[in-house]
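# Chains, contacts and geometry: an overview
Listed here are the chains, written in short residue letters.
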Amino acid sequence: MKVCAAQLRPIAGDFARNRANHLELIELAVAQRADVVFFPELSLTGFEPRLADSLTVDINDHRLDVFQVWSDQHNLLIGVGMPIAVDEGVQIGMVWFTPGKARFIYSKQQLHPDEHSYFVPGYEQLLFERDGCKLAPAICYESLQMSHADEVAALSAEFYLASVAKPAGGLYKAMAHYPAVARQHHMSVIMANCVGPSDDFISVGQSAAWNVRGELLAQMDAGSEGLVVLDTCNGRASVEQLANMTL
């Protein structure tokens, strides 16, 4: 199985351009014969808490249909980030597209204190299977809390998919925490970070993958758009950049 973490530069609030950028990266993942590709936190809108209420997109919005088409045609599991409206407010969500099945949502359960003014937490952990392997998504702040990793490990997760929007300080913490998660729970960890402006900070990319021993297998730079590709068949990972997209 090949799991891809997509690194991109979202444009604040520009759903159409961000969607087009997603499709470029999905096409690159298909060229790598990927089984799973997932994107950074709130990737379709950018991480913009102050705008989130006006940027919510319904899970059945026809503008998302193209992701289902790619999923169906290429037998690809796709996870994209967007704000989700619920009765209680707005959640930091990921919509997942599975070949031949209805799309579904995972929403961030553990919010950073700064996010409580704009978002409400999700209800439960999502776990899904691909080729007999169990994968668990985690979104940014919660992915740096060992309690979240403990929860998914108790569900027998084998892959920890961290979808984030992290500045330099957050990345520094992540580079120490994710190897510890991998070692403690014998899980492969792969992180998708964005690059460029996010709310009031700059996201610094450097998406990466670790094996179950906590060894760093591959890492992108701080400015390019592309993929980190984790290949479970050979236990290796590689970086694939979009052509002419180094920023």
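Structure: above.
Attention in this report is confined to the structure presented alongside it. A quick note: this is a predicted structure, and the numbers were derived from the prediction, not measured.

## Points about the overall build of the protein
- When helices and strands are counted, the protein shows five helices and 15 strands.
- Whereas a compact globule of 247 residues would reach a radius of gyration of roughly 18 Å, the protein reaches 16 Å, a difference of no more than 12%.
- Projected onto its principal axes, the C-alpha coordinates of the protein cover approximately 45 × 35 × 35 Å.
- Counting the 247 residues in the protein, one finds 57% classified as buried.
- Long-range contacts, defined here as pairs at least 24 residues apart, represent 63% of the contacts in the protein between residues at least 6 apart.
- For the protein, the computed accessible surface area is about 10,000 Å², with 49% contributed by carbon and sulfur atoms.
- Here the protein contributes 17 positive and 29 negative side-chain charges, whose respective centroids are spaced 6 Å apart.

## Some thoughts on the environment of Val239
- Along the chain, Val239 falls in strand β15 (residues 236-241).
- When the C-alpha positions of Val239 and Cys4 are compared, they lie 9.5 Å apart, and in sequence the two are 235 residues distant.
- Beyond its immediate stretch of four places on either side in the chain, Val239 contacts Ala218, Gln219, Met220, Leu227 and Val228.

## Points about the pairing of strand β5 (residues 104-107)
- Inspection of the sheet shows strand β4 (residues 89-97) paired to β5 by four bridges, in the antiparallel sense. The residue bridging Met94 from the neighbouring strand is Tyr106, located in β5.
- Counting the residues between successive antiparallel strands, the hairpin from β4 to β5 contains six residues, one of them, Gly100, with a positive phi of roughly 75°.

## Quick notes on the layout of surface pockets
- Its boundaries defined by the atoms lining it, the largest pocket holds a volume of some 460 Å³.
- Of the residues belonging to the lining of the largest pocket, the class tally is nine nonpolar, three polar and nine charged.
- Counted as a void, the second largest pocket has a volume near 170 Å³.
- Residue lining of the second largest pocket: Glu158, Phe159, His186, Ser188, Asn211, Val212, Arg213, Leu217, Leu230, Asp231, Thr232 and Gly235, and that is the complete set.
- Residue composition of the lining of the second largest pocket, grouped by class: four nonpolar, five polar and three charged.

## A closer look at the packing of helix α4 (residues 146-154) against helix α5 (residues 168-185)
- Their axes nearest at 11 Å, the elements α4 and α5 cross at an angle of 30°. In terms of their interaxial angle, α4 and α5 are classed as roughly parallel. In this structure, the crossing between α4 and α5 has a hand that is right-handed. From α4, Met146, Ala149, Asp150 and Ala153 reach across to α5, where they touch His177, Ala180, Val181, Gln184 and His185.
- Residues of the contact of α4 with α5, tallied by class, amount to five nonpolar, three polar and one charged.

## Focus: the side chain of Ser107
- With respect to the helices, strands and loops of the structure, Ser107 is situated in strand β5.
- On the accessibility criterion, Ser107 (7% relative accessible area) is buried.
- Among the polar contacts listed, one links the side chain of Ser107 to the side chain of Gln91, at a separation of 2.7 Å.

## Considerations on the pairing of β15
- For strand β14 (residues 226-231) and β15, the ladder comprises six bridges, and the chain directions are antiparallel. Its bridge partner lying in β15, Gly226 is registered against Gln241.
- If you look at the hairpin formed by β14 and β15, you'll find four residues sitting between the two strands, and Gly235 has a positive phi there, around 70°.

## What about the sheet that holds strand β13 (residues 216-219)?
- One open sheet accounts for six strands, arranged β6-β7-β8-β9-β12-β13; its pairing is mixed. Edge positions in the sheet fall to β6 (128-130) and β13, since each has one partner strand and no second. Each neighbouring strand pair of the sheet contributes to a mean axis angle of 20°, computed without reference to strand direction.
- Sheet analysis places strand β8 (residues 159-163) next to strand β9 (residues 188-192), joined by five bridges and oriented parallel. By the bridge assignment for β9, Tyr160 is matched with Val189.
- Its contacts with the sheet place α5 against β8, β9, β12 (208-210) and β13, and it is angled at close to 155° to β9.

Rules used in this analysis
- Residues numbered from 1 in each chain as written.
- Predicted model: local features only at pLDDT ≥ 70, side-chain atom pairs only at ≥ 80, totals over all residues.
- Heavy atoms only, no water.
- Helix = DSSP H or I, 4+ residues; strand = E, 2+ residues; numbered from the N terminus.
- Rg over C-alpha atoms; globule rule 2.2 N^0.38 Å.
- Buried < 20%, exposed > 50% of the residue type's maximum accessible area, 1.4 Å probe, protein only.
- Contact = heavy atoms within 4.5 Å.
- Areas by Shrake-Rupley, 256 points an atom, 1.4 Å probe, with all protein chains shown as cover.
- Lys, Arg positive; Asp, Glu negative; His and termini not counted.
- Charge placed at Lys NZ, Arg CZ, Asp CG, Glu CD.
- Pairing = 2+ DSSP bridges.
- 1 Å grid on protein atoms, 1.4 Å probe; cavity = no way out; pocket = protein on both sides within 12 Å on 5 of 7 lines; lining within 4 Å.
- Points joined across faces, edges and corners; volume = space filled by probe spheres on them.
- Nonpolar A, V, L, I, M, F, W, Y, C, P; charged D, E, K, R; others polar.
- Axes fitted to C-alpha atoms, helices over the stretch in contact; angles between N-to-C directions.
- Parallel < 35°, antiparallel > 145°, perpendicular 65-115°, else oblique.
- Left-handed = near helix turned anticlockwise from the far one by under 90°.
- Polar contact = N/O pair within 3.5 Å; in protein donor to acceptor, adjacent residues only side chain to side chain.

Any link to function would need more than the numbers given here.
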